[in-house]
Number of protein chains: 2
Amino acid sequence: MSKCEQCIVRQFNSLKHLSKEELLRMSNCKTSKIIKKGEILFDEGEHINGVFCIKDGVCKVSKMSDNGRNQIVSLIQKGDLLGERSLISDEVSNLKAVALNDMEICFIPKDEIIRDLQKNNNFTMSVLKDMASSLKTADNLIVDMAQKTVKQRLAETLLHLETKFSTNTDGNINIQLSREDIANVIGTATESAIRLLSDLKKKKVIEFKGKDIKILNRIALEKMATGF
Amino acid sequence: MSKCEQCIVRQFNSLKHLSKEELLRMSNCKTSKIIKKGEILFDEGEHINGVFCIKDGVCKVSKMSDNGRNQIVSLIQKGDLLGERSLISDEVSNLKAVALNDMEICFIPKDEIIRDLQKNNNFTMSVLKDMASSLKTADNLIVDMAQKTVKQRLAETLLHLETKFSTNTDGNINIQLSREDIANVIGTATESAIRLLSDLKKKKVIEFKGKDIKILNRIALEKMATGF
DNA sequence: GTAAAAACCTGATAAATATCATATTTTAAA
DNA sequence: TTTAAAATATGATATTTATCAGGTTTTTAC
């Protein structure tokens, strides 16, 4: 069993505020897992009963709409925590998480986290700050979804993906999303997403080969995203 | 200066977890204010520097989109706290709050709240739970905005308004929103909102006179909201 | 390597929604 | 009370987006 204290990933999230003893206890009760691409970390309606700490890989977090369409509400990557919300509100998850590539995760049981939240105020405040930050992001997303066109949302999403996942040596954005995933991020039909991507390619704003997408003209995308 | 300890409103939010001494200190540093209909509690980009506790009245919380359109992200009423998010993340507000009717509020300065957050774990956990609950609501709203039609969102909003603000003796929903406000809640053009409301009236699903709206057929609205 | 499945793409069309124009009603102000 | 302003309403039209239908390409499984 690997030691949480020596885990570099911990530095990227609220777990960095835990003491040596707290980390030791966590090492003893956590479980490490490999999750293959396409596998489900948890589903809507499930009791999660703990928190996932993402050591490697990326997953999509989504929710089914009443109309039977899937909306991706966030993309979670190395260093992120996942599942605190359900844990804190003590409810079943309203979201589903699916691995976009092979992942390495640690699962920390609920009781351990709750204990730390009650004992370690620095940790609690850090979780609180994360939650506040997520709430701000969520509010902004609500406004975008409600007020922006699909084209604007696509432009914004491409910029956001490049910022969040950065680019590899070829200049491609470091995440592999299917056209359907992209459509489910921006909230549109898959065909619409495909069409708009093709338009952007034709206009030399982006280029792509399969799932590898490269932004050629960031300025143009920024103008598009803000509506000018 | 009124005593927080005797204030009934406190029972409805996280402040109920404060001790007698904490409440006494709060009473001494808080300020009470009357805010007239249409007045701004705080604007986008402002440092809020504290938390509002709503003693009476309702306000709309909104954000400007890049396209120059306003999106209402929540409606805050008696008993709610407002402004914790900005306070916790220590940022200027990304939202604007405007009174929908005459309001009575208490403003508790930042330092006082921060002190309580650091000293009183029950209080912190309660704020954390509130935040988790808001986050869930926000995620659901993202999905609705992205995946539902304007008609579905209107149906859902009407149901939600009735649940949240309940009805008066005439059966009208206990909140006065302009057609523009309603449009800004569901994320559509004012004309579209007006048109759809008229449709619902014609179909005897609702009736209204000016801003007084009454739901006549809740089942029909529920079906509409979920897409059947 | 091949077959089947899945993903991707494009066109045609329909449906939803925004926009513009203008009329009416309600509210606020003088 | 009268007038001006704001809010509400409705029609006509343009734009955006979804849906359906049919392709091609890529991936997966054997």
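Preceding block: the structure.
Let us look at the structure shown here. (Residues numbered from 1 in each chain as written. Chains lettered and ligands numbered in written order. Predicted model: local features only at pLDDT ≥ 70, side-chain atom pairs only at ≥ 80, totals over all residues. Heavy atoms only, no water.)

Residue and element names in this part refer to chain A. Within the fold, Arg-153 resides in helix 5 (residues 150–165). The charged side chain of Arg-153 is buried without a salt bridge, its nearest counter-charge being Glu-156 at 7.4 Å. Among all residues touching Arg-153, those that are not within four sequence positions of it are Asp-144, Met-145, Lys-148, Ile-186 and Gly-187. (Helix = DSSP H or I, 4+ residues; strand = E, 2+ residues; numbered from the N terminus. Buried < 20%, exposed > 50% of the residue type's maximum accessible area, 1.4 Å probe, protein only. Lys, Arg positive; Asp, Glu negative; His and termini not counted. Salt bridge = Lys/Arg side-chain N within 4 Å of Asp/Glu carboxyl O. Contact = heavy atoms within 4.5 Å.)

With 43 residues of chain A at the contact, the number on the chain B side is 43 residues. Summing the contributions of chain A and of chain B, the shared interface buries around 4,200 Å²; its carbon and sulfur component is 65%. When the buried surface of chain A facing chain B is broken down by residue, Leu-128, Ile-142 and Gln-147 of chain A rank first, second and third, together holding 16% of it. Where chain A meets chain B, there are 4 salt bridges. Across the salt bridge formed by Asp-66 of chain B and Lys-148 of chain A, the nearest N and O atoms sit 2.7 Å from each other. At the boundary of chain A with chain B, the tally comes to 20 residue pairs in polar contact (both at pLDDT 80 or more). Elements supplying a minimum of two residues to the side of chain A that touches chain B: strand 4 (59–64), strand 5 (70–76), helix 2 (84–89), helix 3 (110–119), helix 4 (121–147), helix 5 and helix 8 (218–226) of chain A. It is helix 4 of chain A that contributes the most residues to the side of chain A that touches chain B, 20 residues altogether. Residue composition of the side of chain A that touches chain B, by class: 18 nonpolar, 15 polar and 10 charged. (Buried area = accessible area lost by both parts, 1.4 Å probe. Polar contact = N/O pair within 3.5 Å; in protein donor to acceptor, adjacent residues only side chain to side chain. Nonpolar A, V, L, I, M, F, W, Y, C, P; charged D, E, K, R; others polar.)

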